[in-house]
Amino acid sequence: MSTLAHTMMTAARSADSGLAGPGELDRYPYAEAPAADRVGAPSWEGGEPELGRVGRRAAGSRGRGLHGQLVQQLGQMIVSGDLGADRPLVPEEIGQRFEVSRTVVRESLRVLEAKGLVSARPNVGTRVRPVSDWNLLDPDIIEWRAFGPQRDDQRRELSELRWTIEPLAARLAAGHGREEVQQRLGDMVEIMGHAMGQGDSLTFSRADAEFHSLLIQVAGNRMLEHLSGIVSAALQVSGGPVTGCERPNETALAQHARIVDALAAGDGAAAEGAMRQLLTVHPEVERVVPAPREH
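A quick note: this is a predicted structure, and the numbers were derived from the prediction, not measured.

What counts and what doesn't
- Residues numbered from 1 in each chain as written.
- Predicted model: local features only at pLDDT ≥ 70, side-chain atom pairs only at ≥ 80, totals over all residues.
- Heavy atoms only, no water.
- Helix = DSSP H or I, 4+ residues; strand = E, 2+ residues; numbered from the N terminus.
- Buried < 20%, exposed > 50% of the residue type's maximum accessible area, 1.4 Å probe, protein only.
- Contact = heavy atoms within 4.5 Å.
- Areas by Shrake-Rupley, 256 points an atom, 1.4 Å probe, with all protein chains shown as cover.
- pLDDT = per-residue confidence, 0-100.
- Phe/Tyr/Trp six-rings, centres within 6.5 Å; stacked < 30°, edge-to-face > 60°.
- Lys NZ or Arg CZ within 6 Å of the ring centre and 35° of its normal.
- Pairing = 2+ DSSP bridges.
- Salt bridge = Lys/Arg side-chain N within 4 Å of Asp/Glu carboxyl O.
- Core = buried A, V, L, I, M, F, W, Y, C linked by side-chain atoms within 4.5 Å.
- Axes fitted to C-alpha atoms, helices over the stretch in contact; angles between N-to-C directions.
- Parallel < 35°, antiparallel > 145°, perpendicular 65-115°, else oblique.
- Left-handed = near helix turned anticlockwise from the far one by under 90°.
- Expected span 1.5 Å × (residues − 1).

A. Geometry of the overall build of the chain. Counting its secondary structure elements, the chain contains 14 helices and 3 strands. Put simply, the chain has 295 residues, and 46% of those count as buried. Residue pairs in contact within the chain that sit at least 24 positions apart in sequence constitute 72% of those at least 6 positions apart. Of the accessible surface of the chain, which amounts to about 14,600 Å², a share of 50% is contributed by carbon and sulfur atoms.

What follows is the structure, encoded as structure tokens:
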């Protein structure tokens with residue numbers, strides 16, 4: 001096994017156990033507010049039962065600072081519909097319910113506003129925005145939808161979006177013969193093969209996500225490159241399978257290897273065809289898109 005494969009497999013096991021891997025940082029590295037800066041006891045119990053329920057459900061998120069945990073909790077509550085559209089969000093009540101400082105609440109609401117989930121206006125306050133205003137391409141919102149009642153819609157929409165993006169990216173990438181990129185893609189296939197042999201689905205999925213993200217990044221199209229995070233989020237959400245790559249299997253591995261071979265040969269049509277075959281492995285995708293033509 002290569003050093004790269006061993007490193008990825010070790011890091012994946014550390015993450016799965018809840019331990020931070022080498023160099024792993026919180027997504028939102030904000031320090032927890034001191035106790036003296038916290039607001040008083042929660043006041044939402046009883047009157048708003050869904051707030052307490054969702055708060056407890058999300059409280060187990062790991063690898064996030066206090067600010068990131070609040071963003072996670074409120075984001076999940078909004079996306080799941082527990083906090084419906086036009087619902088007012090009072091910072092003082094949020095601070096009391098989750099026992100966080102006013103600064104943490106304010107910064108968390110700013111993050112949610114940037115994602116299109118809430119809006120803050122003078123004399124109106126902060127309110128939840130309708131789904132039509134959300135940034136549905138935001139990786140966090142993709143993850144939250146995958147865990148909520150919109151789970152099936154999220155999986156279908158991600159499958160359709162990937163079918164649109166990735167075959168084109170594979171074709172374009174064949175025209176950018178960068179050896180170091182092709183080597184990296186080949187490394188990911190090797191890691192996937194080792195992981196599959198050991199029954200390590202977590203390492204397989206992580207190598208898979210890096211493979212697809214890297215392929216889009218080297219397509220030479222900056223607008224496509226901007227969408228690479230969406231594909232990574234689609235592959236990493238654990239709310240359910242979104243493509244045929246969700247389980248380690250020989251067919252998926254062979255299609256990844258075909259893509260690498262096509263890129264090395266500069267054959268854009270073959271790379272596109274292999275990607276279409278890969279994305280059609282999952283029967284759910286076949287109901288959405290036509291079967292690929294042989295090249």
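Let us keep going from here.
B. Focus on the confidence of the model for the chain. Per-residue pLDDT for the chain averages 75, and the proportion of residues at 70 or more is 69%. Averaged over each element, pLDDT in the chain is lowest for helix α2 (residues 49–58) (38) and highest for helix α5 (residues 102–114) (95). Counting contacts from residues 238–244, a segment whose pLDDT is below 50, to residues more than four positions away or on other chains yields 24 contacts. Per-residue pLDDT stays below 50 along residues 283–295; that stretch engages in 20 contacts with residues further than four places along the chain or on separate chains.

C. Region of interest: the packing of aromatic side chains. One pass over the full model with this rule turns up 0 aromatic pairs. Sitting above the plane of the Phe98 ring, Arg97 keeps its charged end 5.0 Å from the centroid.

D. Local environment of the pairing of strand β3 (residues 125–128). Where strand β1 (residues 88–89) and β3 come together, 2 bridges link them in antiparallel fashion. In the sheet register, Leu89 faces β3, and the bridge partner there is Thr126.

E. Molecular detail of the environment of Ala252. Tracing the chain through its elements places Ala252 in helix α12 (residues 250–264). We classify Ala252 as buried; its relative accessible area is 0%.

F. Quick peek at the pattern of salt bridges. The final tally for this structure, using the stated rule, is 13 salt bridges. Across the salt bridge formed by Arg184 and Glu210, the nearest N and O atoms sit 2.5 Å from each other. With Arg184 in helix α8 (residues 179–197) and Glu210 in helix α9 (residues 201–217), this pair connects stretches of sequence that are 26 residues apart. For Arg184, a relative accessible area of 27% corresponds to the partly exposed category.

G. Looking closely at the pairing of strand β2 (residues 118–121). Here β2 runs beside β3; their pairing, made up of 4 bridges, is antiparallel. The partner of Arg121 across the bridge, within β3, is Gly125. Two successive antiparallel strands, β2 and β3, enclose a turn made up of 3 residues, where Asn123 displays a positive phi of approximately 70°.

H. Focus on the nonpolar core. Counting 29 residues, the largest nonpolar core has Leu185, Phe211, Leu215, Ile259, Leu263 and Met275 as the members making the most contacts within it. Elements supplying a minimum of two residues to this core: α7 (151–173), α8, α9, α12 and α13 (268–279). The element that contributes the greatest number of residues to this core is α8, accounting for 8 residues. Listed in part, the 22 residues of the second largest apolar core include Leu70, Met77, Ile78 and Val100.

I. Looking closely at the sheet that holds β1. If you trace the 3 strands from one edge of the open sheet to the other, you get β1-β3-β2, paired in antiparallel fashion. Either end of the sheet is taken by a strand with one partner, and the two such strands are β1 and β2. Sitting on the sheet, α5 touches β1, β2 and β3, and the angle it makes with β2 is about 115°.

J. Representation of the side chain of Lys115 within the structure. Tracing the chain through its elements places Lys115 in the loop between α5 and β2. Look at Lys115 and you get buried, because its relative accessible area is 7%.

K. Region of the structure containing the packing of α8 against α9. It is the contact of α8 with α9, at a shortest axis distance of 8 Å, that shows an interaxial angle of 160°. Accordingly, the angle class assigned to the pair α8 and α9 is roughly antiparallel. Where α8 crosses over α9, the two elements pack in a sense that is left-handed. Where α8 abuts α9, its residues Val181, Arg184, Leu185, Met188, Val189, Ile191, Met192, Ala195 and Met196 lie against Thr203, Phe204, Ala207, Asp208, Glu210, Phe211, Leu214 and Leu215.

L. Main features of unusual backbone geometry. Here Asp86, not a glycine, exhibits a phi torsion of approximately 70°, which is positive. Its place among the elements puts Asp86 in the loop between α3 (66–80) and β1. With a phi close to 70°, Asn123 is a non-glycine residue in the positive phi region. Note that Asn123 resides in the loop between β2 and β3.

M. Highlighting α8. When the terminal C-alpha atoms of α8 are compared, their 27 Å separation across 19 residues agrees well with the 27 Å that a helix rising 1.5 Å per residue should span. Along α8, the positions that sit buried rather than exposed are Val181, Leu185, Asp187, Met188, Val189, Ile191, Met192, Ala195 and Met196. Gly199 occupies a position one or two residues after α8 and carries a positive phi of about 70°.

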